[in-house]
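Examining the three-dimensional arrangement
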Amino acid sequence: MTQMLQRLTLPKPETTEPLLYARLVGESRVVADGVVLASGAQVSFDTSFGVFAAGRWRRVSTVNQLSVEVRASGIGVVEVVAVTGNREEVVAHASLPRGEGAPTSVVLPLEPLQTSKHGTYFVRVRADGGEVCMTGGQWITSDAPAHDVRLSLSITTFNRQEYVRKTVHNVLQLESELAALTGRLRVFVVDNAQNVTFDAAPNAPLQVVPNGNLGGAGGFARGLMELRKQGWATHVLFMDDDITLEPEALVRTMALFAFARDPKLCVHGAMLSEERPWLQFEAGSEYSFRSIYPLQALGREDDLRTRELAITDAPEIPFDYTAWWYTAFPINITKDNPLPVFVRGDDVGFGLMHTGKHSITLNGVIVWHADFGLKNNPSSLYYESRNLALVDTLVFDKHHWWNLAYRFASFGFRNLFSMRYSSTEYMLKGLDAFLAGPSEWMKIDHAALHDELRKCAEEKPAPLTPELAAVEPRKPRHKALRAFGFLFAIVLVGGYIIPRPLRLRGYGVGPIDARAVGVATLRNRILYRHDRITDGYVVERDTKRFFSLLGQVAKSITAIAFSYGRLKREYRAMYPEMVSTAAWEARFTAGMKR
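This report concerns the structure included in the present document. (Residues numbered from 1 in each chain as written. Predicted model: local features only at pLDDT ≥ 70, side-chain atom pairs only at ≥ 80, totals over all residues. Heavy atoms only, no water.)

**Let's talk about the nonpolar core**
Counting residues in hydrophobic clusters, the biggest one holds 134 residues, and the most contacted among them are Val125, Met134, Trp139, Leu250 and Tyr326. Residues contacting methionine 134, with those up to four places away along its chain left out, are Leu8, Leu10, Asp33, Gly34, Val35, Val43, Phe45, Val70, Arg71, Ala72 and Val125. One finds Phe188, Val190, Phe220 and Leu224 within the second-largest nonpolar core, a separate group that totals 14 residues. (Core = buried A, V, L, I, M, F, W, Y, C linked by side-chain atoms within 4.5 Å. Buried < 20%, exposed > 50% of the residue type's maximum accessible area, 1.4 Å probe, protein only. Contact = heavy atoms within 4.5 Å.)

Printed below as a string of structure tokens:
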């Protein structure tokens, strides 16, 4: 009996970036069920989603016998090309069956995977002397799986009906149509807004549970706890509600789990930009508690249309945590539940403690997500300031008060020097919440707090007026120039010692997800705007507010120095209770009463 490892997925007429799936050369046309090649044309799968990552499968799985099945017919040939370093060679080929009607299957066996030296394989179909029709194919093995896999998606949603309905529909359709997944894939939706409905068959493997608005952490904690109780799932996939899923990701994830060498293997889906569907935002992340910006994304800005990236056998890069837009893991990897942090940092803590060190990525295991720059605002900085301080305290023995003080001071001054006063205020509030200690944290009404934080009207991206939309975005400056601008700002105290008449008129311009410290020094107003869409906001210089907040930042740094040691002991002692099932159940009950 053969087992499917991954499919040869062809672009559809509506696909926005066909080069992620396949490369078409010569006269051809994409139709609903495949591609039609005229004589001399070819379709090849030397693409980010199309290649079979032989090296990665060899290193992380027990798969040995490997074949590829191609569904095509006409006058032509199918080839398997192996890539080893800079060398490419055809290692298997066969003529296509001729005749009219639906394409039939051609199976090409390959050498044993575990003794092969090849890094990557890809399929190429060529029309020679006549028309060829191809509808897809799959990479298969006759090896027995090492593990019995039953995967349940856990999706937390809050008023994202358009996205989540589409995702759930696509997953249920995949489960019903693909025999390899039927009966092995379920969907569990935690509805924090208590208002979502789905147009699914009564017997569909879908369960929806209403929940109080306890953020992503509360939703995923509820999903994980319920799935443990039910006892069906061997693996869980945490997935955000505001993503667009590539369904093939589930096929590959489940196959990796079935053949995993490491029974604790976790699979992380890379995130691509919704605005630029070929651009990678993150494929795993490192975390440096000593840095001002501790989250260090891997694969940032990679253009996944690039052939060299697609065919290269890249080694597995260790990373520290996996984001919950797509994190799949064995349900028994830990008995702990997520931290009660609402949003921002919930996945960081769970990844650093449990899933990160076992995680890998795989080509084609991806989601698309809207630009994070549009989601950042002062309230999100409240959560980052509070939650990452908690994560650092719990996870890192060598994290000291001066590490937290350095990050807070550096980030606080950057916000102040770039006229982002509201961001500074919310960072201060977040730090104060951390400094209040774990006993106060356990009393938080997370839904009420979030409602209060959302009232902030400043520094929130919104459609710009025609006048502001006409202002050209500023391209990122060279790192050396940014460093000079920061030093310039320090010498001139952010420009506040410069008389107002001597400052430049008009708007300075900064990227929406950055702090325009150097630009702000000689300006009275800064336009922070998106570089591809006309969203942004304006901030204005306020000298009184600046010096008031500067004093508060200095006071908070002193508080960190005097209280950090005690807080670290208290938070670590309280951790088992913070993540306990009993504590979360109490939060669920309180949340439903609101």
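**Things to note about the packing of aromatic side chains**
Per the counting criterion, the structure on display carries 28 aromatic pairs. When the ring of phenylalanine 49 is compared with that of tryptophan 368, the centres are 6.3 Å apart and the planes differ by 65 degrees; the resulting orientation is edge-to-face. Of the two residues, phenylalanine 49 sits in the loop between strand 5 (42-44) and helix 1 (54-60) while tryptophan 368 sits in strand 22 (residues 366-369), which places them 319 residues apart along the sequence. A residue is classified by how much of its surface remains accessible, and tryptophan 368, at 12% relative accessible area, is buried. Between tryptophan 401 and tryptophan 402, the aromatic rings sit 5.9 Å apart at their centres with planes inclined by 80 degrees, giving edge-to-face as the arrangement. With a relative accessible area of 47%, tryptophan 402 lands in the partly exposed category. One Lys or Arg, arginine 186, reaches over the ring of tryptophan 232 and ends 3.9 Å from the middle of that ring. (Phe/Tyr/Trp six-rings, centres within 6.5 Å; stacked < 30°, edge-to-face > 60°. Helix = DSSP H or I, 4+ residues; strand = E, 2+ residues; numbered from the N terminus. Lys NZ or Arg CZ within 6 Å of the ring centre and 35° of its normal.)

**A few points about the environment of arginine 7**
Residue position: arginine 7 is located in strand 1 (residues 3-8). Taking the C-alpha atoms as reference, arginine 7 lies 9.6 Å from valine 70; in sequence the two are 63 residues apart. Of note is the side chain of arginine 7, whose polar atom sits 2.7 Å from the side chain of glutamate 248. (Polar contact = N/O pair within 3.5 Å; in protein donor to acceptor, adjacent residues only side chain to side chain.)

**Side note on the pairing of strand 16 (residues 270-273)**
By the alternation rule, side chains of strand 16 split into Ala270 and Leu272 and Met271 and Ser273, which are all buried. With four bridges connecting them, strand 16 and strand 22 associate as parallel partners. Bridge assignment links leucine 272 to a residue of strand 22, and that residue is tryptophan 368. For strand 16 and strand 17 (residues 280-282), the ladder comprises two bridges, and the chain directions are antiparallel. The residue of strand 17 that forms the bridge with leucine 272 is glutamine 280. In textbook terms, the turn of a hairpin is the stretch between consecutive antiparallel strands, and for strand 16 and strand 17 this stretch comprises six residues. (Pairing = 2+ DSSP bridges.)

**So, the packing of helix 9 (residues 421-435) against helix 15 (residues 543-578)**
At a closest axis distance of 9 Å, the pairing of helix 9 and helix 15 adopts a crossing angle of 25 degrees. Considering their axes alone, helix 9 and helix 15 lie roughly parallel with respect to each other. Helix 15 is crossed by helix 9, and the crossing has left-handed handedness. Across the interface between the two elements, Tyr421, Ser422, Thr424, Glu425, Leu428, Leu431, Asp432, Ala433, Phe434 and Leu435 from helix 9 touch Arg545, Phe546, Leu549, Gln552, Val553, Ser556, Ala559, Ile560, Ser563, Leu567 and Tyr571 from helix 15. Split by residue class, the contact of helix 9 with helix 15 holds 13 nonpolar, five polar and three charged. (Axes fitted to C-alpha atoms, helices over the stretch in contact; angles between N-to-C directions. Parallel < 35°, antiparallel > 145°, perpendicular 65-115°, else oblique. Left-handed = near helix turned anticlockwise from the far one by under 90°. Nonpolar A, V, L, I, M, F, W, Y, C, P; charged D, E, K, R; others polar.)

**Digging into the environment of threonine 355**
Relative to the assigned elements, threonine 355 resides in helix 6 (residues 346-355). The class for threonine 355 is buried, based on a relative accessible area of 0%. Taking the C-alpha atoms as reference points, threonine 355 and methionine 427, 72 residues apart in sequence, are found 28 Å from one another. Ignoring sequence-local partners within four residues, the contact set of threonine 355 consists of Cys266, Thr322, Phe329, Ile333 and Phe350.

**Quick notes on the sheet that holds strand 26 (residues 535-540)**
Reading across the sheet, the four strands line up as 23-26-25-24 and stay open at both edges, with mixed pairing between neighbours. Looking at the sheet topology across the chains shown, the edges are occupied by strand 23 (462-463) and strand 24 (508-511). Sheet topology places strand 24 next to strand 25 (residues 525-529); four bridges connect them, and they run parallel. What sits directly across from proline 511, in strand 25, is arginine 529.

**Focus: the packing of helix 6 against helix 7 (residues 378-395)**
The relative placement of two packed helices comes down to the angle between their axes together with the axis-to-axis distance. Their axes nearest at 9 Å, the elements helix 6 and helix 7 cross at an angle of 15 degrees. In terms of axis orientation, helix 6 runs roughly parallel to helix 7. Relative to helix 7, helix 6 is oriented so that their crossing is right-handed. Of the residues in helix 7, those touching helix 6 at Val348, Gly349, Leu352 and Met353 are Val391, Leu394 and Val395. Classifying every residue of the contact of helix 6 with helix 7 by side-chain character gives six nonpolar, one polar and no charged.

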